[in-house]
Amino acid sequence: GVVALFPRPEAVRRWLERWRAALPESGISPAEAAAEMGVANPVVIPRNHRIEEVIAAARERDFGPFHRLHEALSRPYEAREETVDYERPPLRHEEVRATFCGT
């Protein structure tokens, strides 16, 4: 499950148990909480390794990766089969160690 995605899964598991126990006291149902999280947390985000792919391809005059990422980000709160690759974190060899801001 999702807990395995974290470097300290036991800490996340304990936090989830406390959150689930506190939820009834908040007056919000699990379904309402899930719906609220769904509109506040995008499924697709512009991760650094994807931005780097777009930049590298554009330098070679290949704008396909840009258009695919742009399309994925046009509806970031929807889980779609065609954008599932944009949801995953980078593999070890894809990690970006430094980013640069042009603003």
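Here the residue numbers are simple positions, counted from 1 along each chain's written sequence. Restriction of local features to residues with pLDDT of at least 70 applies here, the model being predicted, together with a cutoff of 80 or more for giving and counting side-chain atom pairs; totals for whole chains, interfaces and linings are based on all residues. Think of the side-chain values as coming from all heavy atoms in the structure, minus any hydrogens and water.

Within the chain, the regular secondary structure consists of four helices and zero strands. Helix and strand assignments follow DSSP, with helices taken as H or I runs no shorter than four residues and strands as E runs no shorter than two, numbered in order from the N terminus. Its helices and strands taken in sequence order, the chain reads α-α-α-α from the N to the C terminus. For 103 residues, the compact-globule formula gives about 13 Å, and the C-alpha radius of gyration of the chain, at 18 Å, lies well above that figure. Projecting the C-alpha coordinates of the chain onto the three principal axes gives extents of approximately 55 × 30 × 30 Å. Burial classification: accessible surface area is computed with a 1.4 Å probe over protein chains only, and a residue below 20% of its type maximum counts as buried, one above 50% as exposed, and the rest as partly exposed. Counting only residues that meet the buried cut, the chain has 17% of its 103 residues in that class. Within the chain, residue pairs in contact and separated by at least 24 positions form 58% of the contacts whose partners lie at least 6 positions apart. Accessible surface computed for the chain: about 8200 Å², of which carbon and sulfur atoms make up 58%. Atoms counted for the radius of gyration: C-alpha only. Globule rule: 2.2 Å times the number of residues to the power 0.38. Two residues qualify as a contact provided that any one of their heavy atoms is within 4.5 Å of a heavy atom in the partner residue. Where accessible areas are quoted, they stem from the Shrake-Rupley method and a 1.4 Å probe; at the residue level, only the protein chains shown are allowed to cover.

The next point concerns the confidence of the model for the chain. As a general rule, the predicted coordinates of low-pLDDT regions are not to be interpreted in detail. Each residue carries a pLDDT value, the predictor's own confidence for that position, ranging from 0 to 100. Residues with a pLDDT of 70 or more make up 97% of the chain, whose mean pLDDT is 90. The least confident element of the chain, judged by mean pLDDT, is helix α2 (residues 30-40) at 88; the most confident is helix α4 (residues 64-74) at 96.

Moving on to the side chain of Arg80. Mapped onto the elements, Arg80 comes out in the segment after α4. With relative accessibility at 8%, the residue Arg80 sits in the buried group.

Attention now moves to a nonpolar patch on the surface. A cluster of nonpolar residues, Val2, Leu5 and Phe6, forms a patch on the protein surface that exposes about 320 Å² of accessible area. Its location among the elements puts Val2 in the segment before α1 (9-26). Distance thresholds for patches are 9 Å for like charges and 5 Å for nonpolar side chains (Val, Leu, Ile, Met, Phe, Trp, Tyr), applied to residues having over 30% relative accessible area and no salt bridge. A pair is scored as a salt bridge if a Lys or Arg side-chain nitrogen falls within 4 Å of a carboxyl oxygen belonging to Asp or Glu.

Here the expected length of a helix is defined as 1.5 Å per residue gap, with one fewer gap than residues. Helix length check: helix α3 (residues 48-59), at twelve residues, gives a terminal C-alpha distance of 17 Å against a target of 16 Å (1.5 Å per residue), a fit within 8%. Listed as buried for α3 are His49, Arg50, Val54 and Ala57. For α3, the arc enclosing every buried residue in end-on projection is 145 degrees, short of the 170-degree limit, so these residues lie on one face. Looking at the packing, one finds that the buried side of α3 touches α4. Just beyond α3, the residue with positive phi is Arg61, at close to 65 degrees. Directions are taken from the helix axis to each C-beta atom, and the arc is the one they span.

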